[in-house]
Amino acid sequence: MIKNLYIILLAFTVTAFAQTERLNGQWLLTKAEIKGQTITPYQIFEFKTNGKLQVFGMEVGTWRFDKKAATIVLKSKMNKDFNGQGKVVKLTPEAFIMNKGGDKYYYSRVHPEKIAKSNKAARLAGKWKLTGSEYPFAALKLDLPDKFTLVQSGQGETDTRRGTWIFVPDEQAIIFIGFSHLLRGKIPLSHLTADGFTLQTSNGKLKARRITETASKIERLTFTEDDFPEDAEPDVSKLPWRDFEEMADFLNTVASVQYSYGILLPELNLLKHTSVIVSKVRVDLSKPNVRFTNFTVFGKDSSQFSENYKGGLTNSRNAFFPQEEPWPFRINGVEKITVPAGTFSCTVIEAVDGDKKLKYWMINDKPGIYAKIIIDETDPFGKPAYTVRELEKINYKAD
C-alpha cells in the first residue's frame, strides 16, 4: 500500500516537473480574448528557469507553476493587474492557452534558431527607405538574426523605435514586436524583390526601397587635438583665399550659393539630407566688403539663421571666410572632389575647434565657396552630432 502510494506521488511529481519544463523558455503571445474583445499583442514572454518572467527583455515579475491546481502563479510589483493565477487550459510543446479571470491568452513557442534561419533566408536584412509614413523621412533597418530599428524624422524631430522581427514564410508576413505605432504585429508582405517590398499596415501601405548607400560614404573624423602639435604650425601660405580683393572680385559675379545639408542617423549609420542652405551674396567693391546671408530651406519655407561679413577690420585676418577660422588646423594638400555641383580642385583642411572636429574642402579657384564641409561632434546628451554640407549649385548673376 505504502509502495503504491509512493509510486503515485513520484509519477505526479515527474508529471508536474515535466509541465514546468514545458513552460520554460520563450513564448509569443499571439492573441488575447479580454472582456469579449480579441486583440493580437504579439509580445514575447520568457519564462525563465529561475522563476523570473521577462517581457521585451525586461524583468516584469515572477512565475511559478502550481502543480496541484495546474495554474501559473504570477507576481509583479510593476503592474498589480498582472498578479494572480492563470489556469493552464492547454499545454503542448508548441502552444499553450491560459485562462486568467475569464480572459484567454494564446501563446506559441518561440524557437530563436528557427527564426534566425527564416529571417536570413528571406533576404530582408539591410536598410530600407519607407514611403507612406506620417513623417517626411522614415527608414527601417533589419538586422540578423532578428532585431530591427525604425527611424522617423521631420523638422526638428526624430523618433527611433527598436524591436524584434520575425519573417513568416508560410503567410508572407513579418511580425514586428516592439513599441512602434507604425510597425506592430503581423503585417502582410507583398511585391517582394531584391530592391523593395510593400507592407500592408492597418493605416495603409508602406513601400520600402533598399538603401544602397554604404557606410564608406560617411567619413567620420577620427583625429584628436593631440594630432595637432603646437610646434607644427601650418604653412598658411598654402591656403588658397588669402587675397581678399580677389575674393571680392569673384564673389561679385555670384548671386547665391546652394548647399545640401545632411545629418547622420547613428542608429542606421545613414546620412539623411534634411534641408537646403542658400547663402545670398552681396559685394561692395568700393570698400571692399562681402556679406553672406544664410537661409535654411524646408520645402517651400525658408528662414534666415545667420549672416557672415568681411570688410575693413572685420574678419580681415580670417582666411576661412565665410566660415569661422578654426584652431588648431592642418593642411592636407590638394584633392579633387565631386559633389552635386561638379568636380573641383580643393585645398583640404582638418581642424579641431573646441569640441568640434572639422573638415573643409576649399575650392581653389572660387574663393569663399566650399565644395564640402564635415562637422563631427557630440551633442550635450553624448550622442554623435555629425553634419555634412555639399555644394549643389552656384548661381551666377549672369545666369
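Higher on the page you've got the structure.
Here the structure is a predicted model, which means the values were calculated and not measured. (Residues numbered from 1 in each chain as written. Predicted model: local features only at pLDDT ≥ 70, side-chain atom pairs only at ≥ 80, totals over all residues. Heavy atoms only, no water.)

**Student:** Which parts of the structure should I look at to understand the overall build of the protein?
**Tutor:** If you tally the helices and strands in the protein, you get 3 helices and 26 strands. The buried share among the 399 residues of the protein stands at 43%. For the protein, restricting intrachain contacts to residue pairs at least 6 apart in sequence, the fraction spanning at least 24 positions comes to 43%. Carbon and sulfur atoms form 50% of the exposed surface of the protein, whose accessible area is close to 22,400 Å². Side-chain charges in the protein split into 56 positive and 47 negative, and the spacing between the mean points of these groups amounts to 13 Å. (Helix = DSSP H or I, 4+ residues; strand = E, 2+ residues; numbered from the N terminus. Buried < 20%, exposed > 50% of the residue type's maximum accessible area, 1.4 Å probe, protein only. Contact = heavy atoms within 4.5 Å. Areas by Shrake-Rupley, 256 points an atom, 1.4 Å probe, with all protein chains shown as cover. Lys, Arg positive; Asp, Glu negative; His and termini not counted. Charge placed at Lys NZ, Arg CZ, Asp CG, Glu CD.)

**Student:** How should I be thinking about the sheet that holds strand β16 (residues 196-201) in this particular structure?
**Tutor:** Consider a sheet: its strands pair through backbone hydrogen bonds, and that pairing is either parallel or antiparallel. A barrel is described by the order of its strands in space; here 8 strands give the closed sequence β10-β11-β12-β13-β14-β15-β16-β17, paired in antiparallel fashion. Direction aside, neighbouring strands of the sheet carry axes that sit 30° apart on average. Inspection of the sheet shows strand β10 (residues 126-131) paired to strand β17 (residues 204-210) by 4 bridges, in the antiparallel sense. When the bridges of β17 are listed, Thr131 appears paired with Lys207. (Pairing = 2+ DSSP bridges. Axes fitted to C-alpha atoms, helices over the stretch in contact; angles between N-to-C directions.)

**Student:** Explain the sheet that holds strand β25 (residues 370-378) to me, please; I cannot follow it from the model alone.
**Tutor:** Pairing is antiparallel in the open sheet, where 9 strands are placed in the order β21-β20-β19-β18-β26-β25-β24-β23-β22. Looking at the sheet topology across the chains shown, the edges are occupied by β21 (301-311) and β22 (329-339). On average, adjacent strands in this sheet sit at an angle of 20° to one another, irrespective of strand direction. Pairing of strand β24 (residues 356-363) with β25, which is carried by 6 bridges, proceeds in the antiparallel orientation. Note that in β25 the partner of Trp361 across the bridge is Lys372. Together, β18 (254-265), β19 (270-284), β20 (289-298), β21 and β26 (384-396) form the strand contacts of helix α3 (residues 244-251), whose direction differs from that of β20 by roughly 50°.

**Student:** Sorry, what's going on with the nonpolar core here?
**Tutor:** Across soluble globular proteins, nonpolar side chains have a tendency to be buried as a group. Core analysis: the biggest nonpolar cluster contains 46 residues, and Leu251, Ile369 and Leu391 have the highest contact counts within it. For this core, the leading source of residues is strand β23 (residues 342-353), giving 6 residues. The residues contacting Leu391, other than those within four sequence positions of it, are Val257, Gln258, Tyr259, Val339, Pro340, Ala341, Phe344, Ile363, Ile369, Tyr370 and Ala371. Core analysis: the next-biggest nonpolar cluster, separate from the first, contains 21 residues, Leu150, Leu182, Ile187 and Phe197 among them. (Core = buried A, V, L, I, M, F, W, Y, C linked by side-chain atoms within 4.5 Å.)

**Student:** I tried to follow the packing of aromatic side chains on my own but got confused; where do I start?
**Tutor:** How two aromatic rings sit relative to each other is given by the distance of their centres and the angle of their planes. Applying the stated criterion across every chain, the model contains 15 aromatic pairs. Look at Phe96 and Tyr107: their rings are 4.5 Å apart centre to centre, the planes differ by 10°, and that puts the pair in the stacked class. On the criterion of sequence distance, the pair formed by Phe96 in strand β8 (residues 95-100) and Tyr107 in strand β9 (residues 103-109) is long-range, its members being 11 residues apart. Assigned by exposure class, Phe96 and Tyr107 land together as buried. (Phe/Tyr/Trp six-rings, centres within 6.5 Å; stacked < 30°, edge-to-face > 60°.)

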